[in-house]
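Residue-level structure breakdown
Here are the chains, one letter per residue:
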Amino acid sequence: MVHAPDPRHARATMTVNTPPPVRFGVWALVHGSRAALQDPDEPYDASWDRNRDLILQAEALGFDSTLIAQHTINPHHAPQDQLEAWTAAAAIAALTSRIEIIAAIKPYLYHPVVLAKLALGIEHISHGRFAINLVNAWNRPELEKAGIGFPEHDDRYIYGREWLSVVEPLMRGETLHHTGANFNVADYTLRPASPWRPRPRIYVGGESEPARALVADMGDVWFINGQPFADVSALIADVSARPRSGPPLRFGLSAFVIARPTAEAAQANLEHLFALAAKDADIRAVQRANTDDKSVMAATMRKMPRVGSNGGTGAGLVGSYDQVAERIAAFNRAGIETFMLQYQPFEAEMARFAAEIMPRVKRLIG
Ligand SMILES: Cc1cc2nc3c(=O)[nH]c(=O)nc-3n(C[C@H](O)[C@H](O)[C@H](O)COP(=O)(O)O)c2cc1C
């Protein structure tokens, strides 16, 4: 039995006073297809050329943002290709003119001074369109095999918090004096700072308690893993209620979309992708074994059968064109601004989304 779209979405009543404007983004395919790795309709391709063309197509279709995940080795299947996030982000910045570029970053991999400098570099190449997505890791071998080690879940967040307290003021062009458990930075100033805004935007992707505390204290946007509407609403309520200085927190949602003329056709495609994903069972078993068992993200993804990463179809964006548009509008009324989306096969389904769903959402939210 596979997961059917959650009918409660259409009747959802939880709303925020003034919904934020809707923004659509696409996940770059840094480690190939998102739902199933062995798909005759989408041969494995995590190359720079493919990702470049995909993001240029997304920008031309009207997407507002792209998220480039960071992994030094492929977290699903280590022998397969993995695109490097920060070099790709810089190159994409030079080739595009409008789309926001978000590069993920795991604090243990880069000294915060170096990372802040890289971020300001891409902020300049993109003329003010760059953002970082702070993520605190789940794939043990990536850090362990590099000799960096894999500290316990909450300790990674303590380190990440100190790391961000160095990166944030440096990205603002402040002169930093910092003495802490992990970093000592004396009288450090990065130039040029951003002439377009105070600093590049800071997203945080992580669902655990320390992730929520971190984003409420220091982030601009919280990325939520794809999951049913009621769960997403509860997460937004939890984090929105926390004390915070600065502008209100904004929210993004990761989701895998299957939109078809009818709900039945969408369900048939979901079944097809489940069948293809079953071929990856051995690969997924290794991935599960490599995953930090304290990762809340991993627990969220086990809540229900789904395809796609970071919650995937768990967000329920599977259905007829009208259903998918209505569910997006409901999430938006609950506070979601940025929808970071996945498809398979990616380019064709992204174009279908732009043609069928974007105008419907526009009509629904005015
Ligand atoms: C939108 C989003 C994007 C993410 N991107 C990455 C990534 O690029 N690399 C990575 O290793 N983990 C990524 N993660 C996973 C985080 O590392 C993961 O949530 C964390 O390690 C587990 O923390 P948690 O227990 O707080 O969920 C992402 C998570 C979210 C929600």
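This text goes with the structure placed above it.
In what follows, the accompanying structure is described. Because the structure is predicted, anything quoted here is derived from the model rather than measured.

1. What to know about the site of the ligand
In the region of the ligand, 25 residues are neighbours, and Ala-137, His-153, Tyr-157, Ser-208 and Val-296 sit closest. The separation between an oxygen atom of the ligand and a polar main-chain atom of Gln-70 is 2.8 Å. A distance of 2.6 Å separates an oxygen atom of the ligand from a polar atom in the side chain of Tyr-157. Secondary-structure elements contributing two or more residues to the shell around the ligand are strand S4 (130-135), helix H5 (153-171) and helix H10 (296-301). Looking at the shell around the ligand residue by residue, the classes come out as 11 nonpolar, 11 polar and three charged.

2. Regarding the sheet that holds strand S12 (residues 336-342)
The strand order S1-S2-S3-S4-S7-S8-S9-S12 describes a closed barrel built from eight strands, whose pairing is parallel. For this sheet, the mean angle separating the axes of adjacent strands, direction not counted, is 25 degrees. One ladder, built from three bridges, connects strand S1 (residues 23-27) with strand S2 (residues 65-68); its direction is parallel. Bridging across to S2, Trp-27 finds its partner in Leu-67. Of the strands in this sheet, S2, strand S3 (100-105) and S4 are in contact with helix H2 (residues 85-95), which crosses S3 at around 170 degrees. H5 rests against S3, S4 and strand S7 (201-205) of the sheet, and its axis sits at about 165 degrees to S4.

3. Remarks on the packing of aromatic side chains
Remark: the centre distance and the inter-plane angle together describe each pair of aromatic rings, the angle taken between the planes. The tally for this structure, following the rule as stated, stands at 11 aromatic pairs. Plain terms: the ring middles of Tyr-108 and Tyr-159 are 3.9 Å apart, the flat faces sit at 10 degrees to each other, and that makes the pair stacked. Of this pair, Tyr-108 sits in the loop between S3 and helix H3 (112-125) while Tyr-159 sits in helix H5, and the two are 51 residues apart along the sequence. Take Tyr-108 and Tyr-159: they sit in the same class, and that class is buried. The structure contains a cluster of three or more aromatic residues connected by ring pairs, namely Phe-24, Phe-63, Phe-339, Tyr-343, Phe-346 and Phe-353.

4. Some thoughts on the side chain of Ser-254
Mapped onto the elements, Ser-254 comes out in strand S9 (residues 250-256). Reaching out from Ser-254, the side chain makes a polar contact with the side chain of Trp-27 at a distance of 3.3 Å. A polar contact of 3.3 Å, which involves the side chain of Ser-254, links it to the backbone oxygen of Asn-310. Those residues within four positions of Ser-254 in sequence are excluded, and the remaining contacts are Trp-27, Ile-224, Asn-225, Gly-226, Ser-309, Asn-310, Ala-315, Met-340 and Gln-342.

5. A word on the nonpolar core
Phe-24, Phe-63, Trp-86, Ile-132 and Phe-353 are the most contacted members of the largest nonpolar core, which has 96 residues in total. Ranked by the residues each element gives to this core, the list is headed by H5, at eight residues. The contact partners of Phe-63, leaving out residues within four places of it in the chain, are Phe-24, Gly-25, Val-26, Ala-58, Arg-98, Ile-99, Tyr-343, Met-350, Phe-353, Ala-354 and Met-358. Of all hydrophobic cores here, the second largest spans 12 residues; its members include Ala-35, Ile-258, Leu-273 and Ala-277.

6. Structural notes on the side chain of Glu-59
Mapped onto the secondary structure, Glu-59 falls in helix H1 (residues 48-61). Buried within the structure, Glu-59 lacks any salt-bridge partner; its nearest side chain of opposite charge belongs to Arg-129, at an N-O separation of 4.3 Å. The residues contacting Glu-59, other than those within four sequence positions of it, are Thr-96, Ser-97, Arg-98, Ile-99 and Arg-129.

7. Details of the pairing of S12
Taking burial as the measure, the seven residues of S12 include seven buried ones, the bulk of the element. As judged from the four bridges shared by S1 and S12, these two strands associate in the parallel manner. Bridging from a neighbouring strand, Phe-24 pairs with Phe-339 of S12. As judged from the six bridges shared by S9 and S12, these two strands associate in the parallel manner. Bridge pairing links Ser-254 to Met-340 in S12.

Quick notes on the rules
- Residues numbered from 1 in each chain as written.
- Predicted model: local features only at pLDDT ≥ 70, side-chain atom pairs only at ≥ 80, totals over all residues.
- Heavy atoms only, no water.
- Near = heavy atom within 4 Å.
- Polar contact = N/O pair within 3.5 Å; in protein donor to acceptor, adjacent residues only side chain to side chain.
- Helix = DSSP H or I, 4+ residues; strand = E, 2+ residues; numbered from the N terminus.
- Nonpolar A, V, L, I, M, F, W, Y, C, P; charged D, E, K, R; others polar.
- Pairing = 2+ DSSP bridges.
- Axes fitted to C-alpha atoms, helices over the stretch in contact; angles between N-to-C directions.
- Contact = heavy atoms within 4.5 Å.
- Phe/Tyr/Trp six-rings, centres within 6.5 Å; stacked < 30°, edge-to-face > 60°.
- Buried < 20%, exposed > 50% of the residue type's maximum accessible area, 1.4 Å probe, protein only.
- Core = buried A, V, L, I, M, F, W, Y, C linked by side-chain atoms within 4.5 Å.
- Lys, Arg positive; Asp, Glu negative; His and termini not counted.
- Salt bridge = Lys/Arg side-chain N within 4 Å of Asp/Glu carboxyl O.

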